[in-house]
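# Commentary on secondary and tertiary structure
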Amino acid sequence: MTPSTASAAGRKTTAAMRGQKSSVPIVALTAYTAPVARLLDPHVDILLVGDSLGMVLYGMDSTLPVTLEMMIAHGAAVVRASQQALVVVDMPFGSYQAAPRAAFAACARVLKETGCQAVKIEGGAEMEETIAFLLRRGIPVMGHVALTPQHVNVFGGYRYQGRTPAERAKILEDARAVERAGAFAVVLEAVEETLAREITAALSIPTIGIGASPGCDGQVLVSDDMLGLTPSPPRFAKQYAAIGETISKAATQYAEEVRAGRFPGPEHCFTGDKRK
Ligand code: KIV
């Protein structure tokens, strides 16, 4: 994998994002490929190369099998195809949890080989030392607390978080730990609204919600969910387009035309003087 040649000049910065608190909400979407990143880039503050790509693009059952190489390949594609958004790449399961030094080695590869500006790391208090270690060594981090999909085997599913007072207190403490460590923003996933509002009020860094109410400082969605490409999207994901239907219709029409001998037509053939 060769390093991305895209320049970081002109992109939104983690420093600017840190200050975007209680003002205009931060707009973020996931992107995994160059064509989608190109289309989304003009409209968003953050393009998140989420490890959700394992499930969304590769049909995996969870995000756990996603590798560092996959994140680097998709991260580099998104950086090459975008110009103004801050690009954040998710660190995959197993690449950062063991120890701060191992996390640094993996994150440094991601920054060097993709050209992205920051990484995202799941976890709260248990990741505080690692996030601070990374930041001191030049790696900006976005946190991710509450429903952290890499903990699916501990949670026993993808349920919304903060059902008991003890769970709520832990999520708040996790968000505070991520802030103390120096993260520039934190994703709150699948959090009950009053808790999301409490955390947002308690932190000086922006909260970016997914299934966490409008009480956050920004919103992120998995782009395939909002574009209508996911067969059963989560309840919190609003569908803004029906790309899945468009693809089905196009494939139906193509198959009909090929079977009926209507495609390719003369305009699609290299015949006579139209050989170019
Ligand atoms: O992997 C991902 O897409 C994410 C978002 C759901 C925040 O982490």
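What you are looking at is a predicted structure, and each value in this text was computed from that prediction instead of being measured. (Residues numbered from 1 in each chain as written. Predicted model: local features only at pLDDT ≥ 70, side-chain atom pairs only at ≥ 80, totals over all residues. Heavy atoms only, no water.)

### Re the nonpolar core
Among the nonpolar cores identified, the biggest contains 59 residues, and Leu47, Val87, Met91, Val110, Leu188 and Ile199 are the most heavily contacted of them. Broken down by element, the residue count for this core peaks at six residues, all from helix H4 (residues 68-80). Residues contacting Met91, with those up to four places away along its chain left out, are Asp51, Leu68, Tyr96, Ala106, Cys107, Val110, Val119, Lys120, Ile121 and Gln150. Counting residues in each nonpolar core, the second largest holds 15 residues, with Met17, Val88, Ala118 and Ile210 among its members. (Core = buried A, V, L, I, M, F, W, Y, C linked by side-chain atoms within 4.5 Å. Buried < 20%, exposed > 50% of the residue type's maximum accessible area, 1.4 Å probe, protein only. Helix = DSSP H or I, 4+ residues; strand = E, 2+ residues; numbered from the N terminus. Contact = heavy atoms within 4.5 Å.)

### Structural notes on the confidence of the model for the protein chain
Overall, the prediction assigns the protein chain a mean pLDDT of 94, with 95% of residues at 70 or greater. Below a pLDDT of 50 lies the segment residues 1-8, which in the model reaches 14 contacts outside its immediate sequence neighbourhood of four places, other chains included. (pLDDT = per-residue confidence, 0-100.)

### What about the domain arrangement of the protein chain?
Along its sequence, the protein chain is organised into domain 1 (14-241) and domain 2 (243-276). For domain 1 and domain 2, the distance between their C-alpha centroids amounts to 41 Å. (Domains from an automatic or database assignment.)

### Remarks on the side chain of Glu189
Along the chain, Glu189 falls in strand E6 (residues 185-189). Despite being buried, Glu189 has no salt bridge partner; Lys120 is the closest side chain of opposite charge, sitting 6.2 Å away. What Glu189 contacts, discounting residues up to four positions off in sequence, is His144, Val145, Ala146, Leu147, Pro149 and Ile210. (Lys, Arg positive; Asp, Glu negative; His and termini not counted. Salt bridge = Lys/Arg side-chain N within 4 Å of Asp/Glu carboxyl O.)

### Considering the site of the ligand
Surrounding the ligand, one finds Thr30, Leu48, Gly50, Asp51, Ser52, Asp90, Lys120, His144, Val187, Glu189, Ile210 and Val222. At 2.8 Å from an oxygen atom of the ligand is found a side-chain nitrogen or oxygen belonging to Lys120. Grouping the amino acids of the shell around the ligand by side-chain chemistry returns four nonpolar, four polar and four charged. (Near = heavy atom within 4 Å. Polar contact = N/O pair within 3.5 Å; in protein donor to acceptor, adjacent residues only side chain to side chain. Nonpolar A, V, L, I, M, F, W, Y, C, P; charged D, E, K, R; others polar.)

### Looking at H4
A rise of 1.5 Å per residue sets the reference length of H4, with its 13 residues, at 18 Å; its end C-alpha atoms lie 18 Å apart and thus fit the reference within 8%. Taken across its 13 residues, H4 has 10 buried, putting it largely inside the fold. Within the span of H4, buried status applies to Leu68, Met70, Met71, Ile72, His74, Gly75, Ala76, Ala77, Val78 and Val79. On its buried face, H4 is in contact with helix H2 (34-40), strand E2 (46-49), helix H3 (53-56), strand E3 (86-90) and helix H5 (100-114). (Expected span 1.5 Å × (residues − 1).)

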